[in-house]
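Chain by chain, the residues:
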Amino acid sequence: MTHSVRAVLVDSTVPERLVIRKVEAPIALPNQAIVQVAAISLNRGEVRCSQQAAAGWRPGWDFAGTIVQAAIDGSGFPIGTRIVGFLPEGAWAEQVAVPTHAIAALPYTVDFKSAATLPVAGLTALLALERGGSLLDRSVLITGASGGVGYFACQLAAQAGAIVTAQVRRPELVEFVKTAKADRVIVGDEFDRYSPYNLVLESVGGEVLPAVLKSLAPDGVCIMFGATAGSDITFNASQFYSKGGLSLYGFILFHELKKQPASVGLARLVKLVANGSLAPHIDLEAPWSEIAQVARQLTDRQFPGKAVLHIQP
Ligand SMILES: NC(=O)c1ccc[n+]([C@@H]2O[C@H](COP(=O)([O-])OP(=O)(O)OC[C@H]3O[C@@H](n4cnc5c(N)ncnc54)[C@H](OP(=O)(O)O)[C@@H]3O)[C@@H](O)[C@H]2O)c1
């Protein structure tokens, strides 16, 4: 008889449509390791998907834990290795099967809860910034800087030598984003204050995208990866093309990871956390039995940092 493990799945009859149920234990393909998951983190995107998905769908992108069965093709790490990993779905479970190209090993100085914050938010920040090329002495604007991606992006851009401007919508979050090494902070739509920008990481959308496009320097690049405030957007096209050399890049992590496996970026992020150059900000920690309440708090924007849930044995 196949043994079972517990996993989060969508059930349209329960609050927030998320529930923990028994499912069949994962079976690994040759290039997959089985991981006993210790901590998971929540992203707005997967919570949003859960609200629309069919019953039985298993959400979850970010996880950290220990390898309990190594990949039989010899790739990856041996049993007992502590790892962080990314899955396109189904990571919120006691055990997962994960391709070895989507995990990175953790040194003992990096705990599971910090590691669990890295996959989607950290990889998005890292790979989006890399679209801008060398950041040394470049002026970089991060919108939605108090968010999961924004908070990592400010730190990574500063680490890469950029002059970092963080945009927040609430004055009470100014001090928070300064802890992410932002050189300057703007509240609301004061983009002109520190323009022009060579690179913008934009995830707010709505009125914010047209405003930041106007504040780009010639040859400036705007990487758009979200539209939290709305995705039906009008902008002045002639102002955009007449500035000279501007680019607007549509970024979706799943596409970027086809070009470079998650293991590469995760290993870099883990190294930065280990040496103290990158610090996740965890605002909420809870047992995973509270998944529905935490998803609700995330949707209601009740906390600015990351939420991490611990998987109890
Ligand atoms: N394309 C991809 O591959 C990819 C990957 C990761 C994330 N995303 C998307 O990117 C966005 C950011 O992700 P995240 O995980 O950082 O989300 P998050 O933690 O929810 O952060 C959202 C940020 O946007 C700000 N914000 C929300 N509504 C706003 C508004 N109406 N005007 C101005 N600012 C507003 C928030 O400010 P407050 O703190 O004041 O609420 C917060 O700073 C989300 O839409 C997410 O779905 C896309």
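Just so we're clear, the structure is a prediction, and the values are computed from it rather than from any experiment.

A.B. asks: Talk me through the pairing of strand β6 (residues 95–99); I want residue IDs and the actual numbers.
C.D. replies: Of all five residues that make up β6, four are buried, and the element is covered over most of its length. Sheet topology places strand β3 (residues 32–41) next to β6; five bridges connect them, and they run antiparallel. Across the sheet, the residue bridging to Ile-34 is Ala-97, located in β6.

A.B. asks: Outline the environment of Phe-176, supporting the account with residue identities and numerical values.
C.D. replies: Position of Phe-176 among the secondary structure elements: in helix α5 (residues 174–178). Residues Phe-176 and Ser-146 lie 30 residues apart in sequence; the distance between their C-alpha atoms is 7.2 Å. Ignoring sequence-local partners within four residues, the contact set of Phe-176 consists of Ser-146 and Pro-304.

A.B. asks: Any chance you could break down the site of the ligand for me, citing the residues and the numbers?
C.D. replies: Close to the ligand lie 27 residues, the nearest being Gly-144, Gly-147, Gly-226, Ala-229 and Leu-253. Only α1 (44–52), α3 (118–130) and α4 (148–159) provide two or more residues apiece to the shell around the ligand. When its residues are assigned to classes, the shell around the ligand shows eleven nonpolar, twelve polar and four charged. In this structure, the shell around the ligand is formed jointly by two domains, domain 1 (4–120 + 258–310) and domain 2 (132–250), each of which donates at least three residues.

A.B. asks: Before we move on, can you summarise the nonpolar core with the specific residues and values?
C.D. replies: Burial of nonpolar side chains together is a common tendency in soluble globular proteins. Judged by nonpolar contacts, the single largest core of 101 residues is most densely connected at Val-84, Ala-153 and Cys-154. Per-element accounting of this core gives the leading share, nine residues, to α3. Residues within four places of Ala-153 in sequence aside, it is in contact with Ala-125, Ala-128, Leu-129, Ile-142 and Leu-201.

A.B. asks: Outline the domain arrangement of the chain, listing residues and values.
C.D. replies: You can read the domains of the chain as domain 1 (4–120 + 258–310) and domain 2 (132–250). Computed over C-alpha atoms only, the centres of domain 1 and domain 2 are separated by 28 Å. With eight residues of domain 1 at the interface, the matching set in domain 2 holds nine residues.

A.B. asks: Could you give me a rundown of the environment of Arg-301, with the residues and numbers involved?
C.D. replies: Looking at the secondary structure, you find Arg-301 in the loop between α10 (291–299) and β15 (306–310). Arg-301 sits 105 residues away from Pro-196 along the chain, and the two C-alpha atoms are 30 Å apart.

A.B. asks: Go over helix α9 (residues 262–274) with me, naming the residues and quoting the values.
C.D. replies: Here α9 spans 18 Å end to end across 13 residues, near enough to the 18 Å set by a 1.5 Å rise per residue. Those residues of α9 lying buried are Ala-262, Ser-263, Gly-265, Leu-266, Leu-269, Val-270, Leu-272 and Val-273. Packed against the buried residues of α9 are β5 (82–86), β7 (103–105), α2 (112–116), α3 and α8 (253–259). Within two residues after α9, Gly-276 carries a phi angle of roughly 85 degrees, on the positive side.

A.B. asks: Can you lay out unusual backbone geometry for me, pointing to particular residues and giving the numbers?
C.D. replies: For the bond from Ser-195 to Pro-196, the omega torsion is 5 degrees, close enough to zero to count as cis. Positive phi outside glycine occurs at Arg-17, with the angle close to 65 degrees. Inspection of the secondary structure puts Arg-17 in the loop between β1 (4–10) and β2 (18–24). Positioned with a positive phi, Asp-219 is a non-glycine residue whose angle comes to about 65 degrees.

A.B. asks: Before we move on, can you summarise the packing of α3 against α4 with the specific residues and values?
C.D. replies: Two elements in contact, α3 and α4, have axes separated by 8 Å at closest approach and are oriented at 50 degrees. Classified by the interaxial angle, the pair formed by α3 and α4 is oblique. Here α3 runs over α4; the crossing is right-handed. The residues of α4 that touch α3, namely those facing Ala-121, Gly-122, Thr-124, Ala-125, Leu-126, Ala-128 and Leu-129, are Gly-148, Val-149, Phe-152, Ala-153, Leu-156 and Ala-157. Residue composition of the contact of α3 with α4, by class: ten nonpolar, three polar and no charged.

A.B. asks: Residues and numbers for the sheet that holds strand β11 (residues 197–202), please.
C.D. replies: Strand order in the open sheet formed by six strands is β10-β9-β8-β11-β12-β13, with parallel pairing between adjacent strands. One side of each edge strand has no neighbouring strand; the edge strands of this open sheet are β10 (184–187) and β13 (247–250). The sheet shows a mean angle of 20 degrees between the axes of neighbouring strands, direction not considered. Relative to strand β9 (residues 163–168), strand β8 (residues 139–142) runs parallel, the two sharing four bridges. The residue bridging Ser-139 from the neighbouring strand is Ile-163, located in β9. Of the strands in this sheet, β8, β9 and β11 touch α4, which is tilted by about 170 degrees from β8.

Cut-off values and rules
- Residues numbered from 1 in each chain as written.
- Predicted model: local features only at pLDDT ≥ 70, side-chain atom pairs only at ≥ 80, totals over all residues.
- Buried ≥ 20, exposed ≤ 12 C-beta atoms within 10 Å, placed from the backbone.
- Helix = DSSP H or I, 4+ residues; strand = E, 2+ residues; numbered from the N terminus.
- Pairing = 2+ DSSP bridges.
- Contact = placed C-beta atoms within 7 Å.
- Near = placed C-beta within 6 Å.
- Nonpolar A, V, L, I, M, F, W, Y, C, P; charged D, E, K, R; others polar.
- Domains from an automatic or database assignment.
- Core = buried A, V, L, I, M, F, W, Y, C linked by C-beta atoms within 7 Å.
- Expected span 1.5 Å × (residues − 1).
- Axes fitted to C-alpha atoms, helices over the stretch in contact; angles between N-to-C directions.
- Parallel < 35°, antiparallel > 145°, perpendicular 65-115°, else oblique.
- Left-handed = near helix turned anticlockwise from the far one by under 90°.

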